[in-house]
Amino acid sequence: MKTIWHDLWGCGRGPIRHTGPQTRLGAGLLIFLVCMISPHSTWAGVVLVVGVVTAWLWACRPPFKVVRSTMLFGLVIFVPYFFLLPFLPDAPGTFSENWGQALLVPWQILLRGLCGLLVSVTTVSSLSQSDLREALLRLPVPKIVIAILLQIVHQTTVLYYETRQISSALAVRGASSGILTVWRVLSSLPQVWLPRIIFRAERVAAVMELRGFCETRPLSFDKVILKYHDYLVLTSAGLFVISALLMRILGAP
């Protein structure tokens, strides 16, 4: 995925932006549960997941290049299971059974992984980093978890740009061509990149401890009042989760 991590936050332009940050994050988590719970071995479960993910994509409306990059990234990760799992001698679906049963397991992995990845990226596109902070503060999340998650998001952006700077410096110095050169660069990266990450992590931990992140709950910068469309979005997402649970329990055909 070539999409810049920092630019991904808040790039969505869908109607979901008119809801509160906690509504967007909560609905995204519920729809992710639908993708994980729904039985993908039945047509009803597949239709439910595809319909819910499509509706969430329309509601958040991220840029097309983000959806395309996410789809390609997911296919690269999960499609190889179709070539590996049927050939495992002790796998639940092998060539001793029919092809449909053999391909059922990799199909479920592909659908769950791809839909979960799409929902996660789409949810991120509907939230800015400030919205994420406000959403976490309004959800029943422990304060230490909030502080850690926010620091992970912030430091991921910083490390991403730092890694790009190192890559650009290596490319300028001609370290991007030649197998031997590339191998020497890769073998020396842990001596440069990893110590910088460890040093930055220790410095962030010291700053968090100095500012009392674990002693007081972070304060909200804005006052958000839930409206009727917030409750409508959360109720709809909750109903989809209940439908997925009923399909799994009752075994919908």
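See the structure above.
All residue numbers refer to positions counted from 1 along the written sequence of the respective chain. Confidence filtering applies because this is a predicted model: local features only for residues at pLDDT of at least 70, side-chain atom pairs given and counted only at 80 or more, and all residues used for totals across whole chains, interfaces and linings. Water and hydrogen atoms were dropped before computing side-chain values, which therefore reflect all heavy atoms in the structure.

A.B. asks: Which residues make up the pattern of salt bridges, and what values go with them?
C.D. replies: The working definition used for a salt bridge is a side-chain nitrogen of Lys or Arg within 4 Å of a carboxyl oxygen of Asp or Glu. Scanning the entire structure with this criterion turns up one salt bridge. Taking the shortest distance from any N to any O, the salt bridge between E134 and R138 comes out at 2.6 Å. Of this pair, E134 and R138 both sit in helix α8 (residues 129–138), four residues apart, which is roughly one turn of the helix. Only DSSP runs of H or I covering at least 4 residues are called helices, and only runs of E covering at least 2 are called strands; the numbering of each starts at the N terminus.

A.B. asks: Give me the packing of helix α2 (residues 21–37) against helix α7 (residues 104–125): which residues, what numbers.
C.D. replies: Note on method: axes are straight lines fitted to C-alpha atoms, helices fitted across the in-contact stretch only, with angles between N-to-C directions ranging 0 to 180 degrees. Between α2 and α7, whose axes approach to 9 Å, the crossing angle comes to 175°. Of the possible angle classes, the one that applies to α2 and α7 is roughly antiparallel. Where α2 abuts α7, its residues R24, L25, G28, I31, F32, C35 and M36 lie against R112, C115, G116, V119, S120 and T123. Here roughly perpendicular refers to angles of 65 to 115 degrees, roughly parallel to angles under 35, roughly antiparallel to angles over 145, and oblique to all remaining angles. By definition in these notes, contact holds between two residues if any of their heavy atoms fall within 4.5 Å.

A.B. asks: Can you lay out a nonpolar patch on the surface for me, pointing to particular residues and giving the numbers?
C.D. replies: Without a salt bridge and with relative accessible area above 30%, a residue can belong to a patch; like charges are then joined within 9 Å and nonpolar side chains (Val, Leu, Ile, Met, Phe, Trp, Tyr) within 5 Å. To measure how exposed things are, a 1.4 Å probe is used in the Shrake-Rupley method; for residues, cover is taken only from the protein chains shown. A cluster of nonpolar residues, L239, I242, L245, L246, I249 and L250, forms a patch on the protein surface that exposes about 630 Å² of accessible area. Considering the arrangement of structural elements, one finds I249 in helix α11 (residues 228–250).

A.B. asks: So, the side chain of D230: which residues are in play, and what are the values?
C.D. replies: Topologically, D230 is positioned in helix α11. Comment: no salt bridge for buried D230; closest opposite-charge side chain is R24, at 6.9 Å. The contacts of D230, once residues within four sequence positions are left out, are T19, G20 and T23. Working definition: with a 1.4 Å probe on protein chains only, accessible area under 20% of the residue-type maximum means buried, over 50% means exposed, and in between means partly exposed. Asp and Glu count as negative and Lys and Arg as positive, but His and the ends of the chain are not part of the count.

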